[in-house]
Amino acid sequence: MRRNLRYDGENEFRLSVSMRLHNTTPVDIENGVRLQVGIAQEDTTSSLDAEDTLSMEILEALRKADEAATSENVASLSATTTYKHELKAGDHITWDVCLETFPLHGVLSLHPSIVYRDIEVEQASSDWQDEEKKDSDSSKADSTDKGKAASGESGGNNDNSNKNGDDEVANVVFYGESLRLSPLIGVQPCPFVFFRDGSGDIETFRFLWSRMPHQIHPLRLVKYSQSETSADDENYPVHNDARRIAAISSVRFGGESIPRGQVTRLWAFMSLQGQRVFCVLAHSAEAGSAKSSSGMEPTLHIRSDDVRLMQCLVGTKWARAATVSALVPHLQPAPIKETSRGSV
């Protein structure tokens, strides 16, 4: 996420992708390269990561709230650019692309690829005989003759057989490793709450929070244990950009007492298309297996005015883990067997 100045001088957040290509070979790339990136959104309703009990309950409740929004087709984006100049050995090029706003339906993933243009194709200079022919001639030739036949020497001199035409060229494609992004990559600080400064306005937060039409059952949180997830870091995805967005979207708040607990932190987000989602971290005294040092159980409360945005943030197990790790580091959603079941 990058801040860009709009035409009226205000800051605007845009999702930007930067690709850098280094030519680490001793050979110049004469005909240039083509850089490509595809951006896919996970279809939450059919994702394999949404087959756990909590994900199915959340999606079912969101579907009842707005069936039309949850059934919309998930769009994919792509961008490409061509560098037609020679890329010298040891040199590099950088491509930055700033994407237009688009509705969020699910977790974003980047799929980069590089195309080396007009690479000369090497031609074979020998004729190879198949194994069947060699077997049929084995009774008429000794071991030396067989070796010559296998290496193509018995067929005569064919060094000039591929020199009659023009050299063939082809594009060579290398596909990079896909990168899954945190759901918070697609949001920014809500300007309705942070209209004065970076501290945020608590009264505006209260007003908007009370009028959010969609909410989920509070997510119970537990401390992240490296020993439990050392073999599977999917339980604790860490994205520094998402944590930065969470930090600048946090409302300065001294805490407030609630029945049998206390509210400690507030976050106000807005998507790039204007939909809002607010988060509240509370600590309650209810009995549970996940308790902080004060004896209180941490829970995360989330409300939004858009079903698709809520579906993107908490619709799958991985999305919930990525959202929680960005908001409150060293915590993760409680395992499914420990999570209380409830309605949205």
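Residues numbered from 1 in each chain as written. Predicted model: local features only at pLDDT ≥ 70, side-chain atom pairs only at ≥ 80, totals over all residues. Heavy atoms only, no water.

A few points about the environment of Thr-80
Position of Thr-80 among the secondary structure elements: in strand β5 (residues 77-83). A C-alpha to C-alpha distance of 9.1 Å links Thr-80 and Val-97, two positions 17 residues apart in sequence. The residues contacting Thr-80, other than those within four sequence positions of it, are Arg-34, Leu-35, Gln-36 and Trp-95. From its side chain, Thr-80 meets the backbone oxygen of Leu-35 in a polar contact 3.3 Å long. (Helix = DSSP H or I, 4+ residues; strand = E, 2+ residues; numbered from the N terminus. Contact = heavy atoms within 4.5 Å. Polar contact = N/O pair within 3.5 Å; in protein donor to acceptor, adjacent residues only side chain to side chain.)

What about the pairing of strand β17 (residues 297-304)?
β17 sits mainly inside the fold: 7 of its 8 residues count as buried. As defined by bridge partners, strand β11 (residues 214-215) adjoins β17 across 2 bridges and the pair is classed as antiparallel. Within β17, the position partnered with His-214 by the bridge is Ser-304. Pairing between strand β12 (residues 219-223) and β17: 2 bridges, direction antiparallel. Considered in β17, the bridge of Arg-220 is made with Thr-299. Bridging between strand β16 (residues 276-284) and β17 involves 8 bridges; their strand directions are antiparallel. Paired with Ser-284 across the bridge in β17 is Glu-297. (Buried < 20%, exposed > 50% of the residue type's maximum accessible area, 1.4 Å probe, protein only. Pairing = 2+ DSSP bridges.)

Thoughts on the pattern of salt bridges
Within the structure shown, the criterion is met by 8 salt bridges. Ionic pairing is found between Lys-88 and Asp-28, a salt bridge with its closest N-O pair at 4.0 Å. Of this pair, Lys-88 sits in the loop between β5 and β6 (92-98) while Asp-28 is found in the loop between β3 (16-22) and β4 (33-41), placing the two residues 60 residues apart along the sequence. Put simply, Arg-206 and Glu-256 hold a salt bridge, and the shortest N to O gap is 2.5 Å. Residue Arg-206 is found in helix α5 (residues 202-209), and its partner Glu-256 is found in strand β14 (residues 256-258); the two are separated by 50 residues along the sequence. Looking at Glu-256, the relative accessible area reads 30%, which means it is partly exposed. Because the salt bridges share partners, they merge into one network encompassing Asp-28, Glu-86 and Lys-88. (Salt bridge = Lys/Arg side-chain N within 4 Å of Asp/Glu carboxyl O.)

Honestly, that's just the spatial picture; any functional story needs more than this.
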